[in-house]
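Residue-level structure breakdown
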Amino acid sequence: MTTPEIELTRVLETYAGDVQAHADLVELVESRFQRLRRRRMRAAAVAAGMVVLLVVAGTAVAWPRAASRPTKPPVVTPSPTLPNPSCSPIYNCKTGPLPTAPAFRAGHWAAPPAKIPLATTTWPTATFQLPAHAPDGFKLKPLRTIDRTHVLVSSISHGIDVSYYSFDLTRGGFRKIGEMPGGKRATSAGSAVSDHYLYWAFSGYNSTDFAKAGFDIYVAPLAGGATRKIIHVAESSYDANRWFATDDAVYWSTRDGAETLPRTGGRVSKVAGLEGYRLVNGSAWAMRSSADFQITTGLKNVVTGETRTPVAPSDDVMDLRCAPTFCVGLWGRDGNPGIAGDYFIQDLDGSHRMAMPKAFTMWGFGIYTIGDRGIVVSGQDLKLEFWDPVTGAAGRMVATWGPDHSTSIAVDNGDIAHAEDGKAGTITYLALGATQ
Amino acid sequence: MADEAAFADFVRSRATALYRYGYLLTGNAHDADDLVQEALIKLRGAWNRVHRQDDPMGYVRTTMARMHISAWRRTRREFLSSSVPDRAHRDSGIARVDAGIARGGTDQLIWNLLGALPPRQRAVLVLRYYEHLTDEEIGHVLGVSSGTVRSQASRALSKLRSMPSAAHLNGGLR
């Protein structure tokens, strides 16, 4: 190759080198694939129904003509046993229609307001805007909630965390907590916040063979103080994509469960009994799901070892997602969901099961685990609505189109949502951890 | 179940490489993200066939290149969320590249010039100079002859040379 061709190669490799994959890519792909497959099955069922209708209609039209013709003696052939035509993926002839839950009513669950107020009204101390740049001059990115009045942010350069700051939601000031070692080729593996400490991990490894990378774990006190490297972990930093911490130890996900390390140092150890569970960012509660990720089958606290086993309806449940404080499910059969209104909410033990409020099921929605609780998030176009069914607290965020037709609204990192005002060029953040 | 586990293993081990390839093809993080996910969903549906009879990485590489070139990839997308993801997901490092990257000098110049190329010509350069495929292999990926690959590469490099801001590259890229 000529020198410029080498230059072109170098530029491509340089720009590619800054890119990392989604931590949840496998789950995202599997979830989207299963949804796509269900849609295709429903479409096939509808198409099959249309064929039946056409055949019936065609028979009805042809029948009078056939009746007027001279008839031959009928040839009698044994007819195959056909299923009852009223059977369908939604209506099972053997078990009848899908179950339904009682209509939602306030009581055990706190109803959302009829009109969801703006998040800035409901949670004024949890909504904030960030300056464009950190005190070190780099761009800012919010990471997660520290407490009800502080949020962890990082300054980033070339896509890599440079420094960590605590941002005061009420006063708007920054306080530096720590910084990422290594040059610009470093990649961070994750971070976690406890009551008094920030832990973070970084990998200096920069290769497409990411699975072989190791990472270093650092800790710094939130109140200020020296950064300390605790240990180097010679394992895949790709798998260490979910983090949780207490003042005493830090936890991270592995291929099959989680590992932990005391803040004071020592040996990395596997968290006992966590095989098959997935750690949740910022929560002590790890989740276990069915093979298709549709049914939450268990929650386990990585610190206390407490286990909670969700109780699903005995029949026809095709989806049950649980947070530590409630589950939301969907009735369906043979991979097909029921009609709208079949979503239900229940306690983990199966009690207090009732239909979800229609406002939160009309459009796409999901549930997020925020620390020791859960929150329901409904999304429609440029609006996100948040509801805690235990406390009843609810708020909405709205994004607006900008002159260049760009805007964004989403939940990031599990507990921070953002909505962009495209006209004003500002982004409002909501720290979900501070919405209690 | 074994197939699903094998698919998950494949995605985990190749994800970063695919994102990097996608980023070079599309030039921006969000389209790269879409491209990777869409290609992997196709692979998931064909996994049983592909991983026994073919090279899954080659399948995804081909799918991504062809999807990128297809017309719908070239339409401007708008970033909005009409539905909430099933579960929280971390913002990937890829999303930070667009915002955080601010290279100067020749690197940024060449990167910007690449962004101005038609999708197929850009794909040819990425496959040749990043994936280091031969022209025959590139032709297989894009579904064209190796002669077409050579002509596309020649046009792409010629365009890079002819752009006013690339005067200092004249005579170099060929």
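The shown structure was predicted, so the numbers you read here are calculated from the model rather than taken from an experiment.

**Overview of the overall build of chain A**
Counting its secondary structure elements, chain A contains three helices and 28 strands. Summarising the internal contacts of chain A: among those between residues at least 6 apart in sequence, 45% fall at separations of at least 24. Carbon and sulfur atoms make up 57% of the accessible area of chain A, which amounts to about 19,900 Å² in all.

**Regarding the overall build of chain B**
Helices and strands together make up the secondary structure of chain B, namely 10 helices and zero strands. Listing the helices and strands of chain B from first to last along the sequence gives α-α-α-α-α-α-α-α-α-α. Considering only residue pairs separated by 6 or more positions, chain B has 66% of its internal contacts joining residues 24 or more positions apart. Carbon and sulfur atoms make up 47% of the accessible area of chain B, which totals about 7,400 Å².

**Some words on the state of the cysteines**
Residues and elements named next belong to chain A. Scanning all chains against the criterion turns up one disulfide over all chains. Each disulfide pairs two cysteine sulfurs, and for Cys322 the partner residue is Cys327, the sulfurs being separated by 2.1 Å. Because the torsion about its S-S bond is 105 degrees, the bridge between Cys322 and Cys327 counts as right-handed. Both residues of the pair, Cys322 and Cys327, belong to the buried class.

**Details of the packing of aromatic side chains**
All names here are of chain A. Across all of its chains, the model carries 20 aromatic pairs over all chains by this definition. Measuring from centroid to centroid gives 6.4 Å for Trp109 and Phe326, while their planes differ by 80 degrees, and the two rings are edge-to-face. In this pair, Trp109 is assigned in the loop between α2 (25-68) and α3 (119-122) and Phe326 in strand β18 (residues 326-333), connecting sequence segments 217 residues apart. Each member of the pair Trp109 and Phe326 is classed as buried. Taking 5.2 Å as the distance between ring centres and 45 degrees as the angle between the ring planes, the aromatic pair formed by Tyr164 and Trp200 counts as tilted. Of this pair, Tyr164 sits in strand β4 (residues 160-168) while Trp200 sits in strand β7 (residues 197-203), and the two are 36 residues apart along the sequence. Side by side, Tyr164 and Trp200 carry an identical accessibility label, which is buried. Each member of the aromatic cluster is reached from another via a ring pair, and the members are Phe128, Tyr165, Phe167, Phe174 and Tyr429. Seen from the ring of Phe344, Arg353 lies directly overhead, with NZ or CZ sitting 5.5 Å from the centre.

**Concerning the sheet that holds strand β10 (residues 243-245) of chain A**
Residues and elements named next belong to chain A. The sheet built from four strands is open, its strands ordered β10-β11-β12-β13 with antiparallel pairing. At either margin of the open sheet sits one strand with a lone partner, and together these are β10 and β13 (269-270). Across three bridges, the pairing between β10 and strand β11 (residues 249-254) is antiparallel. Across the sheet, residue Ala245 finds its bridge partner in β11, namely Val250.

**Focus on the sheet that holds strand β22 (residues 364-370) of chain A**
All names here are of chain A. One open sheet holds the four strands; their spatial order is β22-β23-β24-β25, and the pairing between them is antiparallel. Two strands in the sheet have a free side with no partner beyond their single neighbour: β22 and β25 (394-398). Within the sheet, the average angular offset between the axes of one strand and its neighbour, ignoring direction, is 20 degrees.

**Remarks on the pairing of strand β17 (residues 317-323) of chain A**
The side chains of a regular strand alternate, residue by residue, between the two faces of the sheet. Residues and elements named next belong to chain A. Of all seven residues in β17, six are buried; the element is thus mostly enclosed. With six bridges connecting them, β17 and β18 associate as antiparallel partners. Bridge pairing in β18 places Ala323 opposite Phe326. The antiparallel hairpin formed by β17 and β18 contains two residues in its connecting segment.

**Considerations on the confidence of the model for chain B**
Residue and element names in this part refer to chain B. Scored by pLDDT, chain B has a mean of 71; 70% of the residues are at 70 or more. When mean pLDDT is taken per element in chain B, helix α8 (residues 119-129) scores highest with 89 and helix α6 (residues 93-100) scores lowest with 33. For residues 164-174, every residue scores under 50 in pLDDT, and the model assigns this stretch 25 contacts once sequence neighbours within four places are set aside. Here the predicted complex carries an ipTM of 0.77, next to a pTM of 0.59.

**Some words on α8 of chain B**
For an α-helix the count is 3.6 residues per turn, leaving residues at separations of three or four pointing the same way. Of all 11 residues that make up α8 of chain B, 10 are buried, and the element is covered over most of its length. Pro119, Gln121, Arg122, Ala123, Val124, Leu125, Val126, Leu127, Arg128 and Tyr129 of chain B are the residues of α8 of chain B that are buried.

**Section: the pairing of β18 of chain A**
Residue and element names in this part refer to chain A. Counting buried positions along β18 gives eight out of eight residues, so the element sits mostly inside the fold. Burial of β18 is two-sided: the residues Phe326, Val328, Leu330 and Gly332 facing one way and the residues Cys327, Gly329, Trp331 and Arg333 facing the other way are all buried. Two elements, β18 and strand β20 (residues 343-346), share four bridges in a ladder whose sense is antiparallel. Note on β20: the bridge partner recorded for Val328 is Ile345.

**Focus on the packing of helix α2 (residues 29-45) of chain B against helix α4 (residues 56-69) of chain B**
Two quantities define a packed helix pair, namely the angle between the helix axes and the distance between the axes. Residue and element names in this part refer to chain B. Where α2 contacts α4, the two axes come as close as 9 Å, and the packing angle between them is 130 degrees. The pairing of α2 with α4 is recorded here as oblique in orientation. Both α2 and α4 take part in a crossing whose hand is right-handed. Only Pro56, Tyr59, Val60, Thr63, Met64, Met67 and His68 of α4 make contact with α2, whose side of the interface consists of Leu35, Val36, Glu38, Ala39, Leu40, Lys42 and Leu43. Considering only residue class, the contact of α2 with α4 consists of 10 nonpolar, two polar and two charged.

**Here we look at the nonpolar core**
Here is a general trend for soluble globular proteins: nonpolar side chains tend to be buried in one another's company. All names here are of chain B. Ranked by size, the top nonpolar core spans 62 residues in total, and within it Leu40, Met64, Leu125 and Leu142 carry the most contacts. Ranked by the residues each element gives to this core, the list is headed by helix α1 (residues 2-26), at 12 residues. If sequence neighbours within four positions are ignored, Met64 has contacts with Leu18, Tyr21, Gly22, Leu25, Leu35, Val36 and Ala39.

**Some remarks on the confidence of the model for chain A**
All names here are of chain A. This prediction gives chain A a mean pLDDT of 80; 79% of its residues lie at or above 70. Ranking the helices and strands of chain A by mean pLDDT puts strand β16 (residues 307-308) first, with 96, and α2 last, with 59. In this model, residues 47-71 is a region of pLDDT below 50 whose contacts with residues beyond four sequence positions or in other chains number zero contacts. Scored below 50 in pLDDT, residues 73-90 shows 12 contacts in the model against residues more than four places distant or in partner chains.

**Points about unusual backbone geometry**
Residue His352 of chain A is not a glycine yet carries a positive backbone phi of 50 degrees. The topology assignment puts His352 of chain A in the loop between β20 and β21 (354-355). Taking the relative accessible area as the measure of exposure, His352 of chain A reaches 40% and is therefore partly exposed. Positive phi, normally seen in glycine, also occurs at His132 of chain B, with a value near 60 degrees. Its place among the elements puts His132 of chain B in the loop between α8 and α9 (135-142).

Definitions and cut-offs
Residues numbered from 1 in each chain as written. Chains lettered and ligands numbered in written order. Predicted model: local features only at pLDDT ≥ 70, side-chain atom pairs only at ≥ 80, totals over all residues. Heavy atoms only, no water. Helix = DSSP H or I, 4+ residues; strand = E, 2+ residues; numbered from the N terminus. Contact = heavy atoms within 4.5 Å. Areas by Shrake-Rupley, 256 points an atom, 1.4 Å probe, with all protein chains shown as cover. Disulfide = S-S within 2.5 Å. Buried < 20%, exposed > 50% of the residue type's maximum accessible area, 1.4 Å probe, protein only. Phe/Tyr/Trp six-rings, centres within 6.5 Å; stacked < 30°, edge-to-face > 60°. Lys NZ or Arg CZ within 6 Å of the ring centre and 35° of its normal. Pairing = 2+ DSSP bridges. Axes fitted to C-alpha atoms, helices over the stretch in contact; angles between N-to-C directions. pLDDT = per-residue confidence, 0-100. Parallel < 35°, antiparallel > 145°, perpendicular 65-115°, else oblique. Left-handed = near helix turned anticlockwise from the far one by under 90°. Nonpolar A, V, L, I, M, F, W, Y, C, P; charged D, E, K, R; others polar. Core = buried A, V, L, I, M, F, W, Y, C linked by side-chain atoms within 4.5 Å.

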